[in-house]
Amino acid sequence: DHGLSEADPDVRSIIDKEKQRQFKSLELIASENFTSRAVMEAVGSCLTNKYSEGLPGKRYYGGNEHIDELETLCQQRALAAFRLDKNKWGVNVQPLSGSPANFEVYTAILNPHDRIMGLDLPHGGHLSHGFMTPKRRVSGTSIYFESMPYRLDETTGIVDYDMLEKTANLFRPKLIIAGASAYPRDFDYPRMRKIADAVGAFLMMDMAHISGLVAASVVADPFEFCDIVTTTTHKSLRGPRGGMIFFRKDPVLGVDLESAINNAVFPGLQGGPHNHTIGGLAVCLKHAQSPEFKDYQNKVVSNCRALASRLVELGYKLVSGGSDNHLVLVDLRPLGIDGARVEKILDMASITLNKNSVPGDKSALVPGGIRIGSPAMTTRGFTEKEFIAVADFIHEGVKITLNAKPLAPGSKLQEFLKFVTTSDFPLIDRVSD
Ligand code: PLP
């Protein structure tokens, strides 16, 4: 058997190029991170060869004694990492990623066309929380369930809980979803619990973005108030690409969540679990219980605050005015530019972040903001000092975008890009210093 370089130099070369890109760029995408060598070793192991439909001790295939041991260990570590009592909480570690995990929850506790409420995507929510536009039901969640999103108060940038309460009282959802992809603040779980209880709804938290911060107790704990908690495993948690669903063991609203959720994962929506991912996840969850991990998560938050303060000093408007977690959302509209162009310019300087809609945006195609996250560069050892420099780099990029503004957009785009690539572009030198 050959190694990759010999067996397939094309793929080897693409991987090498991607490795260089990851190595050279300033990775500021809030949902990304650099997992450990140990996690990658498990993910790249022979665990990928095995079929093991079912749960530990209850498989549809033979030869699963080691896989059973692995998945049980992963479950135990998942509960321990979030300080959960195994008599009160259970976990399914098989979801293939965050979106499938969410759909598995909906499949478990809802009937088709039941009503759900999640944070609207243009206000920071995720597609899988029921996104739809006036013209189109975009997410499968909004195709199979009736979605009525809640939103932020546009003046404060904070979830409008009063409006959520009023709307929930009228809409009577069966499920309320907390959690977001681009929200720099904590959720008010006690308030959401009250709203859910008043209308007889389940309360689920999708902590995908902040699960590392939750594990390290540097943000509020959703487990105290929610019935179900889902997460991806590859963002702030810094594990392999995957998902988990935590559920209360006691019946909630007459539903045995444990069997409903386990059955929704398999055979409901998935087949054989990705055992190599479960192996990597077990490694990640061991690390998530270490003092170093807590220290890392504290730095993720303090670095993000340093970045936010510097951006405010430089005159930027941040949605909600700052950040309690790992990301900031910059509203560029007061400058008369959009996030798409700033993303593009910064990309050319190997600064990777993403355009993002901000509350009040008219178009999702040309969003008015950028989202910046601290987890990945904190993994690479950045401190507050470097994050202040990052804010300054971003400022340079915005200035270049502003100067280039008369050349953009539309038919002039080519000219604009030529200008950027041929002019003296100081960021490139500075980044590679
Ligand atoms: N939930 C939230 C809050 C997310 O931000 C994301 C991804 O960005 C997901 C779910 C979906 O995860 P995946 O991309 O793994 O399906």
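Residues numbered from 1 in each chain as written. Predicted model: local features only at pLDDT ≥ 70, side-chain atom pairs only at ≥ 80, totals over all residues. Heavy atoms only, no water.

Identification of the protein chain as Serine hydroxymethyltransferase from Cucurbita maxima is taken from an unreviewed UniProt entry. Quoted verbatim from the Sequence similarities (unreviewed entry) heading of the UniProt record, the comment on the protein chain is "Belongs to the SHMT family." As stated in UniProt under Cofactor (unreviewed entry), the record for the protein chain gives "pyridoxal 5'-phosphate". (UniProt positions renumbered as here; feature names shortened; annotations may be inferred.)

Caption draft 1: Main features of the site of the ligand. Among the 13 residues in the neighbourhood of the ligand, the closest are listed as Ser97, Ser99, Ser181, Asp206 and Lys235. One of the side-chain N or O atoms of Ser97 is found 2.4 Å from an oxygen atom in the ligand. Take Ser181: an N or O atom from its side chain is 2.7 Å from an oxygen atom of the ligand. Contact with the protein chains hides 84% of the accessible area of the ligand, taken as 390 Å² for the molecule alone. (Near = heavy atom within 4 Å. Polar contact = N/O pair within 3.5 Å; in protein donor to acceptor, adjacent residues only side chain to side chain. Areas by Shrake-Rupley, 256 points an atom, 1.4 Å probe, with all protein chains shown as cover.)

Caption draft 2: The arrangement of the pairing of strand E12 (residues 243-248) in detail. Across the six residues that make up E12, a large majority, five, are buried. In this structure, strand E4 (residues 89-92) lies alongside E12, joined through four bridges in antiparallel fashion. In the strand pairing of E12, Trp89 is matched with Arg248. Sheet analysis places strand E11 (residues 228-232) next to E12, joined by five bridges and oriented antiparallel. In the sheet register, Ile228 faces E12, and the bridge partner there is Phe247. (Buried < 20%, exposed > 50% of the residue type's maximum accessible area, 1.4 Å probe, protein only. Helix = DSSP H or I, 4+ residues; strand = E, 2+ residues; numbered from the N terminus. Pairing = 2+ DSSP bridges.)

Caption draft 3: Quick peek at the nonpolar core. Among the nonpolar cores identified, the biggest contains 55 residues, and Phe82, Phe187, Met244 and Phe246 are the most heavily contacted of them. Grouped together as the second largest cluster of nonpolar side chains are 26 residues, Leu318, Leu346, Met377 and Phe382 included. (Core = buried A, V, L, I, M, F, W, Y, C linked by side-chain atoms within 4.5 Å.)

Caption draft 4: Region of the structure containing the UniProt feature "modified residue: N6-(pyridoxal phosphate)lysine" (unreviewed entry) in the protein chain. The feature "modified residue: N6-(pyridoxal phosphate)lysine" (unreviewed entry), as given by UniProt, occupies Lys235 in the numbering adopted here. Leaving out residues up to four positions away in the same chain, Lys235 has contacts with Ser31, Asn33, Ala208 and His209. For Lys235, the side chain forms a polar contact with the side chain of Thr232, separated by 3.3 Å. (Contact = heavy atoms within 4.5 Å.)

Caption draft 5: Quick look at the packing of aromatic side chains. Under the criterion given, the structure shown has 13 aromatic pairs. With a centroid separation of 5.6 Å and 40 degrees between ring planes, the pair formed by Phe82 and Phe223 is classed as tilted. Taken together, the positions of Phe82 in the loop between helix H4 (65-81) and E4 and Phe223 in the loop between helix H9 (211-215) and E11 put the pair 141 residues apart, joining distant regions of the chain. Each ring, one from Tyr183 and one from Phe187, has its centre 5.1 Å from the other, and the planes form 55 degrees; the classification is tilted. Neither Tyr183 nor Phe187 differs from the other in exposure class; each is buried. Aromatic ring contacts, followed pair by pair, group Phe82, Trp89, Phe223 and Phe246 into a single cluster. (Phe/Tyr/Trp six-rings, centres within 6.5 Å; stacked < 30°, edge-to-face > 60°.)

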